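Overview (structure and organization)
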Amino acid sequence: MTKKYGCFFALVWCLLKLNTPMHAAALSSKLPLTSLEVLQVSQLLLALSDNSREKQFEALKACNKKLLEKIINMPLNNKHNTLLHIICERNNPFKDFKLEEEAAFISFLFSNGSDINAKNVSRSQPLHLACFSGNVAIVEFLVHKGAQRAEIDGAGQTPLEIATQRYNQHKDYKTESDIKRANNFKRIIDYLRPITPVRSVHTPTRQTKVEDEDELFPLDDLE
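Note that the coordinates shown come from a computational prediction; the quantities given were computed from them, not determined experimentally.

**Observations regarding the overall build of the chain**
In terms of regular secondary structure, the chain is built from twelve helices and zero strands. When its helices and strands are written in sequence order, the chain yields α-α-α-α-α-α-α-α-α-α-α-α. Across the chain, contacts joining residues at least 24 apart in sequence account for 72% of those joining residues at least 6 apart. In the structure as shown, the chain presents an accessible area of about 12000 Å², 53% of it carried by carbon and sulfur atoms.

Written out as structure tokens, the structure reads:
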């Protein structure tokens, strides 16, 4: 009885603290999760907020397999991000993520049924978020696995356009963080540009302001 009420009060705390679509659905009994499972997912989301990739991966692998299959493509926060979205949007510019490490991480999600082209409330797919965060390794791996390179998000931007916009935002700053980020966005641009299909001029989009071609990639100050 004590354990039952403990889970109930923990769930109420999560509902009040996190207030995500997952918790709202659980409260209205529209989600096939028990109160204990909602608590476990909440703990997982807190673990995924850690900047350590190792701790994030450990938290995922420790998650009950049946529970992971239930939530793998479920909107888990107010942005309606899936687990793959959440992993792709997190990045530390000072850590040079290795392709093999990120591949193992993302492959674990794929092995449990993660949708590579899932869209959140902003119509962003995981590739859009990886380009926004500047995680070169994840961008390369998602493309290798078949992510849609020419898909536009709710703002009318492709992943390449997002990376270009982010590069322009960081390239003129001299802090170590901005220099590292600009380098990462430049690598993503160089990777995506040759393999991104040219969009039709009739495609509705909000154009990203890009500077003159000769001025777009002056990386001498980044070396």
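Read on for the rest.
**Overview of the packing of helix α4 (residues 53-62) against helix α7 (residues 99-111)**
Here α4 crosses α7 at 25°, and the two axes come no closer than 11 Å. Overall, the two elements α4 and α7 adopt an arrangement that is roughly parallel. When you trace α4 past α7, the crossing you get is left-handed. Mapping the contact onto sequence places R53, Q56, F57, L60 and K61 in α4 and E102, A104, F105, F108 and L109 in α7.

**Re the confidence of the model for the chain**
Across the chain, the average pLDDT comes to 77, with 72% of residues at 70 or higher. Scored below 50 in pLDDT, residues 1-19 shows 16 contacts in the model against residues more than four places distant or in partner chains. Across residues 201-223, confidence stays below pLDDT 50; counting only partners more than four residues off in sequence or on other chains, it has 39 contacts.

**Some details on the side chain of T196**
Among the secondary structure elements, T196 is positioned in the loop between α11 (176-192) and α12 (213-216). A distance of 2.7 Å separates a polar side-chain atom of T196 from the backbone oxygen of L192.

**Examining the packing of aromatic side chains**
Under the defined criterion, the tally for this structure stands at three aromatic pairs. An angle of 70° between the planes, with centres 5.8 Å apart, marks the rings of F57 and F108 as edge-to-face. In this pair, F57 sits in helix α4 while F108 sits in helix α7, placing the two residues 51 residues apart along the sequence. Given a relative accessible area of 22%, F108 falls into the partly exposed group. Pairwise contacts between aromatic rings join F57, F105 and F108 into one cluster. Just above the ring of F57 sits the side chain of K61; from NZ or CZ to the centre is 4.5 Å.

**Focus on the environment of A155**
Residue placement: A155 occurs in the loop between α9 (136-144) and α10 (159-170). Here the alpha-carbon distance between A155 and R123, two residues 32 residues apart in the chain, equals 8.4 Å.

**Some details on the state of the cysteines**
Tallied over the entire structure, the rule returns zero disulfides. Residue C131 stays outside any disulfide, its sulfur separated by 9.6 Å from that of C88, the closest cysteine. Given the relative accessible area of 0%, C131 is considered buried.

**What to know about unusual backbone geometry**
Backbone geometry places H80, a non-glycine residue, at a positive phi of 60°. With respect to the secondary-structure elements, H80 resides in the loop between α5 (65-71) and α6 (83-89). Here R123, not a glycine, exhibits a phi torsion of approximately 65°, which is positive. With respect to the secondary-structure elements, R123 resides in the loop between α7 and α8 (126-133). In this structure R123 comes out as partly exposed when scored by relative accessible area, which is 45%.

Rules and cut-offs
- Residues numbered from 1 in each chain as written.
- Predicted model: local features only at pLDDT ≥ 70, side-chain atom pairs only at ≥ 80, totals over all residues.
- Heavy atoms only, no water.
- Helix = DSSP H or I, 4+ residues; strand = E, 2+ residues; numbered from the N terminus.
- Contact = heavy atoms within 4.5 Å.
- Areas by Shrake-Rupley, 256 points an atom, 1.4 Å probe, with all protein chains shown as cover.
- Axes fitted to C-alpha atoms, helices over the stretch in contact; angles between N-to-C directions.
- Parallel < 35°, antiparallel > 145°, perpendicular 65-115°, else oblique.
- Left-handed = near helix turned anticlockwise from the far one by under 90°.
- pLDDT = per-residue confidence, 0-100.
- Polar contact = N/O pair within 3.5 Å; in protein donor to acceptor, adjacent residues only side chain to side chain.
- Phe/Tyr/Trp six-rings, centres within 6.5 Å; stacked < 30°, edge-to-face > 60°.
- Buried < 20%, exposed > 50% of the residue type's maximum accessible area, 1.4 Å probe, protein only.
- Lys NZ or Arg CZ within 6 Å of the ring centre and 35° of its normal.
- Disulfide = S-S within 2.5 Å.

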